Amino acid sequence: RKEVEQDPGPFNVPEGATVAFNCTYSNSASQSFFWYRQDCRKEPKLLMSVYSSGNEDGRFTAQLNRASQYISLLIRDSKLSDSATYLCVVFPGGGADGLTFGKGTHLIIQP
Amino acid sequence: DTEVTQTPKHLVMGMTNKKSLKCEQHMGHRAMYWYKQKAKKPPELMFVYSYEKLSINESVPSRFSPECPNSSLLNLHLHALQPEDSALYLCASSQDSRRGLAGKNSYNEQFFGPGTRLTVL
């Protein structure tokens, strides 16, 4: 079973629409959760952390469901500049650790 | 300042060459990481340094040799690489590599450098 699973897409979405991504993780003891954004041939950039209480940053809302081991990202009023690959990322936290990345969901916003 | 810098941006080397990748951060972070990313794949963890000590080596071949001269610098020494080692090599840093306080993800948020795009001929 893969540690972090995401739908690779691509998601083709018209500008202004709302789009939702989901991912699941296999390690129930995982400590921290993040969404990163990666543009073509660039480094991943932290988009937002994800908490069980849900958190919002402008047009972006992230949610964590620990019972279902499920993480979501909602983008409202999508812009052309939102086109990118969105990586669901988990910090296992079993000791000194690195991040575990999902394969990413490719989003294309169309004018 | 949330900047992590990496040099060089691009590197082309032969299989018999020895080269080094460099990474620097001035955020006071105590954990630094090397990741390898192939095209259309997610980053894969190679090494973790925590308080300047190597804490994780994810079964990386010995032709990759990390070094942490001080808390701000991280090097990756390359020797006798293979063409399949061609990839984007990313450096990252975070406040710490261990578990943070519950509900305080910022402890483990990692910030990435722009990467070195390596081609092995």
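This text goes with the structure placed above it.
Residues numbered from 1 in each chain as written. Chains lettered and ligands numbered in written order. Predicted model: local features only at pLDDT ≥ 70, side-chain atom pairs only at ≥ 80, totals over all residues. Heavy atoms only, no water.

1. A few points about the interface of chain B and chain A
As a reminder, the rule being used: Residue contacts are defined here by distance: any two heavy atoms, one from each residue, within 4.5 Å place the two residues in contact. The term buried area refers to how much accessible surface (probe radius 1.4 Å) is lost by two components on association, counted for both of them together. What counts as a salt bridge is simple: a side-chain nitrogen of Lys or Arg found within 4 Å of a carboxyl oxygen of Asp or Glu. Note on conventions: DSSP H or I runs of at least 4 residues are helices, E runs of at least 2 residues are strands, and numbering of each starts at the N terminus. Gly is put with the polar residues, along with every residue not named as nonpolar or charged; the nonpolar set is Ala, Val, Leu, Ile, Met, Phe, Trp, Tyr, Cys and Pro, and the charged set is Asp, Glu, Lys and Arg.
Taken together, the 29 residues of chain B in the interface contact 26 residues of chain A. Where chain B abuts chain A, roughly 2,100 Å² becomes buried across the two surfaces, and 52% of that area is made up of carbon and sulfur atoms. There are zero salt bridges connecting chain B and chain A. For the side of chain B that touches chain A, the elements supplying multiple residues, two or more each, are strand 4 (31–37), strand 5 (44–50), strand 6 (53–57), strand 9 (87–94) and strand 10 (111–112) of chain B. The element contributing the most residues to the side of chain B that touches chain A is strand 4 of chain B, with three residues. Per-class residue counts for the side of chain B that touches chain A are 14 nonpolar, ten polar and five charged.

2. Quick look at the pattern of salt bridges
Residue and element names in this part refer to chain A. Selection rule: Accessibility here uses a 1.4 Å probe with only protein chains present; expressed as a share of the type maximum, an area under 20% marks a residue as buried, one over 50% as exposed, and anything in between as partly exposed.
For the structure on display, the rule yields seven salt bridges over all chains. Arg59 is the salt-bridge partner of Asp82, the closest N and O atoms lying 2.8 Å from each other. Of this pair, Asp82 sits in the loop between strand 8 (70–75) and strand 9 (84–91) while Arg59 sits in the loop between strand 6 (55–57) and strand 7 (60–65), and the two are 23 residues apart along the sequence. The closest approach of N and O atoms between Lys79 and Asp77, which form a salt bridge, is 2.9 Å. By relative accessible area, Lys79 is classed as partly exposed at 32%. We classify Asp77 as partly exposed; its relative accessible area is 38%.

3. A closer look at the sheet that holds strand 8 of chain A
Residues and elements named next belong to chain A. We apply this condition: Pairing between two strands is assigned when DSSP locates at least 2 bridges connecting them. To get an axis, a line is fitted to the C-alpha atoms, and for a helix only the part in contact is used. The angle between two axes follows their N-to-C directions and goes from 0 to 180 degrees.
On the basis of which strands lie adjacent, the open sheet formed by five strands has the order 1-3-8-7-6 and antiparallel pairing. The sheet is open, and its two borders are formed by strand 1 (4–6) and strand 6, each paired with just one other strand. Taken over all neighbouring pairs, the strand axes of this sheet differ in orientation by 20 degrees on average, direction set aside. As paired strands, strand 1 and strand 3 (residues 19–25) are joined by three bridges and run antiparallel to one another. By the bridge assignment for strand 3, Val4 is matched with Tyr25.

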